[in-house]
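So the chains spell out like this:
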Amino acid sequence: MSIVTTSCSLLPQFCTNDIPSSTSSKPYRFSANPRTCRIRCQSTSTDEKTNKSRNVLDNASNLLTNFLSGGSIGSMPVAEGAVSDLFGKPLFFSLFDWFIEHGSVYKLAFGPKAFVVVSDPIVARYILRENAFSYDKGVLADILEPIMGKGLIPADLETWKQRRRVIAPGFHTLYLEAMVQMFANCSERTISKLENLLEAKNSQGEHEIELDLEAEFSNLALDIIGLGVFNYDFGSVTKESPVIKAVYGTLFEAEHRSTFYIPYWKFPLARWLVPRQRKFANDLKIINDCLDGLIKNAKDTRQETDVEKLQQRDYKNLKDASLLRFLVDMRGVDVDDRQLRDDLMTMLIAGHETTAAVLTWAVFLLAQHPDKMKKAQAEIDTVISEDGITLESLKKLEYVRLIISESLRLYPQPPLLIRRSLKSDILPGGYKGDKEGYQIPAGTDIFISIYNLHRSPYFWENPNEFEPERFLVQNDNNNIEGWAGFDPSRSPGALYPNEIVSDFAFLPFGGGPRRCVGDQFALMESTIALAMLLWKFDVELKGSPESVELVTGATIHTKNGLFCKLKNRSRRED
């Protein structure tokens, strides 16, 4: 549940999967294979006219940037000629190429605007933790505010401080323990659905099914968020309803807005004149009406008490163990219905997208490494029984938890964090950067590239390889001044690696004060869902890894789904 890290790409016309027809006669394809997560070109030739038009576009963009903002962001390296390089690529691919070329901190020139791109844990740590309250969400908040209001992601600093103090205690130990059973129950719905499909195939003499696992994970994640956050059973694994359709409509609109450069939805009358905006307004009304009813019911049955007593409830036997119940019952927090709706909407959208994505890429990676899948299944067989799964058994699923973490390293959700400086500042130079640092003015927009951090050749060995075991090994800092290296002992008792053990080289849920408040919820639900899937089924990709294309918006996901072959496992004892 990436509640405070959802990001956006902002440059939509350059972040599609295929080159526009005016630029190339044949499309580029982007493989999701971690070893070859680079541009795959079906044709290496472009005509002279195309090259000239690209040069004109680059020169015009650079000229405009230099004139309007070029001198305002210090003397850091500049990714010039960047505009044409963006054609046809997901943004984070290009940001990585320029990171290797220009270093850990550089300026991305884009027309009248310039962005500072950070790909260094030392600088990321400074922005996210050491000087966190000198930065806000900037462009991200502008885009998401109409959807999430003053929820944790787009909230201004003062609202965020108030809501964070209220929401964070809700993710306490007893609540998470109770959620483990709910995660397992929801996962069992998906498993039962797949078993029924397989049984039907078996009756026809076939022993495997083919289906889009990304879609199944999306339904599962929606059911979990509904029950865990506001005690509403979407039942989306097995049915459709107007509320479910509205939720997905809102999710698509959130992604659309996160990848569209011009906020046309803010124009007068756009809400009524643009069909997709009329649909969005209707979808939002359906969801808000549903949330209003749930909030009213929670308030009508309110049992106000101190936060300490709330955290001691018997959540395993509580009929309504949702986060909404916790927020409504908390003494001294007389929050209005609109703020509660904003909180719930934020968790619904952020939590759904990221969980579905991490499960998708975990399966994608395991399908390419049968030995690692078998290793995970061997561990699962010793832990899970027909009696179900508990928090104690979850703790024994060490290798499965490492698989989830490694999937988040290779496919971070989201690939970018966005910040805007509230006042002038001096950023550290980072590794191989200017020792004097880089001065930036107030209002500077910053991309912290999580994708670059997670695949940096300076901070990770074999950065593009799928190696879940890497998180068990202590690594020194490679003589990098200002970085403490990777040390699991820095966070004793943690079920999953985090920014502390990696000193901000691993940021799957951000870092510092605005770190995702629901990280353990998301990690635990992903671990349980993956474990239960692998316990029952063997999984193969339907096509080659290179056929799985990726696109980005708020998260990294597939272009056309993750189609896999599933068959019942043959147990060793059989």
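Refer to the structure printed above.
Note that the coordinates shown come from a computational prediction; the quantities given were computed from them, not determined experimentally.

Chemist: Give me the overall build of the protein: which residues, what numbers.
Modeler: Per the secondary structure count, the protein includes 20 helices and 15 strands. Pairs at least 24 apart in sequence give 76% of the contacts found in the protein among residues at least 6 apart. On the protein, roughly 23200 Å² of surface is accessible, and the fraction owed to carbon and sulfur atoms is 50%.

Chemist: Tell me what's going on with the pairing of strand E15 (residues 563-568), and back it up with residues and numbers.
Modeler: Judged from the 4 bridges that link them, strand E7 (residues 209-212) and E15 form a sheet pairing that is antiparallel. Residue Ile209 lies in a different strand from E15, and its bridge partner there is Leu566.

Chemist: Please set out the packing of aromatic side chains residue by residue, giving values where relevant.
Modeler: The description of two aromatic rings rests on the distance between their centres and on the angle between their planes. The tally for this structure, following the rule as stated, stands at 28 aromatic pairs. Residues Phe96 and Tyr451 carry aromatic rings whose centres are separated by 6.2 Å and whose planes lie at 85 degrees to one another, so their mutual orientation is edge-to-face. Of the two residues, Phe96 is situated in helix H3 (residues 91-102) and Tyr451 in helix H18 (residues 450-454); the sequence distance between them amounts to 355 residues. Assigned by exposure class, Phe96 and Tyr451 land together as buried. For the pair Tyr232 and Phe234, a centre-to-centre distance of 5.0 Å together with 75 degrees between the ring planes defines the contact as edge-to-face. Among the aromatic residues, those joined into a cluster by ring pairs are Phe92, Phe93, Phe96, Phe99, Tyr431, Tyr451, Tyr458, Phe459 and Trp483. The lysine or arginine in question, Arg401, covers the ring of Tyr496, its NZ or CZ lying 5.9 Å from the ring centre. Seen from the ring of Tyr411, Arg455 lies directly overhead, with NZ or CZ sitting 5.6 Å from the centre.

Chemist: Account for a nonpolar patch on the surface, with residues named and values stated.
Modeler: A cluster of nonpolar residues, Phe260, Ile262 and Phe267, forms a patch on the protein surface that exposes about 280 Å² of accessible area. Within the fold, Phe260 resides in the loop between helix H9 (242-258) and helix H10 (270-273).

Chemist: Can you break down the sheet that holds E7 residue by residue, with the values?
Modeler: Ordered in space as E7-E15-E12, the 3 strands form an open sheet in which the pairing is antiparallel. Strands with a single pairing partner mark the edges of an open sheet, and in this sheet they are E7 and strand E12 (537-541). Across the sheet, the mean angle from the axis of one strand to that of its neighbour is 35 degrees, orientation sign disregarded. The sheet strands contacting helix H8 (residues 213-230) are E7, E12 and E15, and the helix crosses E7 at an angle near 60 degrees.

Chemist: Kindly report on the environment of Met330, identifying the contributing residues and their values.
Modeler: Within the secondary structure, Met330 is located in the loop between helix H13 (323-329) and helix H14 (337-367). Distance in space between the C-alpha atoms of Met330 and Thr305 is 5.7 Å, their sequence separation being 25 residues. With near-sequence residues (within four places) excluded, Met330 lies in contact with Val166, Arg302, Glu304, Thr305, Val307 and Leu310.

Chemist: So what's going on with the side chain of Asn288? Which residues, and what values?
Modeler: With respect to the element layout, Asn288 can be found in helix H11 (residues 275-300). Beyond its immediate stretch of four places on either side in the chain, Asn288 contacts Arg341 and Met345.

Chemist: Residues and numbers for the pattern of salt bridges, please.
Modeler: The full count for this structure, using the stated rule, is 32 salt bridges. Linking Lys279 and Asp283 is a salt bridge whose minimum nitrogen-to-oxygen distance equals 2.8 Å. With a gap of 4 residues between them, Lys279 and Asp283 both fall in helix H11, about one helical turn apart. In this structure Lys279 comes out as partly exposed when scored by relative accessible area, which is 47%. With a closest N to O distance of 2.9 Å, Asp300 and Lys296 form a salt bridge. Of the two residues, Asp300 and Lys296 are both situated in helix H11; the distance of 4 residues between them amounts to about one turn of the helix. Classification of Asp300 as exposed rests on a relative accessible area of 55%. For Lys296, a relative accessible area of 52% gives the class exposed. Sharing partners across several salt bridges, the network here consists of Arg313, Asp320, Arg325 and Asp329.

Chemist: Talk me through unusual backbone geometry; I want residue IDs and the actual numbers.
Modeler: In terms of backbone geometry, most residues other than glycine have negative phi values and most peptide bonds are trans. A cis amide bond links Gln413 with the next residue in sequence, Pro414, at an omega value of 10 degrees. As for its position among the elements, Pro414 is in the loop between helix H17 (398-410) and strand E8 (416-421). Positive phi values are uncommon outside glycine, yet Asn231 reaches one of about 55 degrees. Residue position: Asn231 is located in the loop between H8 and H9. With phi around 65 degrees, Lys432 is a residue other than glycine that occupies positive phi space. Locating Lys432 in the fold gives a position in the loop between strand E9 (425-427) and strand E10 (438-440). Judged by relative accessible area, Lys432 falls into the exposed class, the value being 65%.

Chemist: Can you explain the nonpolar core? Please cite residues and give values.
Modeler: Across soluble globular proteins, nonpolar side chains have a tendency to be buried as a group. Judged by nonpolar contacts, the single largest core of 141 residues is most densely connected at Leu530, Leu533 and Leu566. In terms of residues, this core owes the most to one element, H14, which gives 17 residues. Within the second largest apolar cluster, 20 residues are counted, among which are Met76, Val116, Leu417 and Leu427.

What counts and what doesn't
- Residues numbered from 1 in each chain as written.
- Predicted model: local features only at pLDDT ≥ 70, side-chain atom pairs only at ≥ 80, totals over all residues.
- Heavy atoms only, no water.
- Helix = DSSP H or I, 4+ residues; strand = E, 2+ residues; numbered from the N terminus.
- Contact = heavy atoms within 4.5 Å.
- Areas by Shrake-Rupley, 256 points an atom, 1.4 Å probe, with all protein chains shown as cover.
- Pairing = 2+ DSSP bridges.
- Phe/Tyr/Trp six-rings, centres within 6.5 Å; stacked < 30°, edge-to-face > 60°.
- Buried < 20%, exposed > 50% of the residue type's maximum accessible area, 1.4 Å probe, protein only.
- Lys NZ or Arg CZ within 6 Å of the ring centre and 35° of its normal.
- Patch = residues over 30% accessible without salt bridge, like charges linked within 9 Å, V, L, I, M, F, W, Y side chains within 5 Å.
- Salt bridge = Lys/Arg side-chain N within 4 Å of Asp/Glu carboxyl O.
- Axes fitted to C-alpha atoms, helices over the stretch in contact; angles between N-to-C directions.
- Core = buried A, V, L, I, M, F, W, Y, C linked by side-chain atoms within 4.5 Å.

The analysis is restricted to geometry; functional conclusions fall outside its scope.
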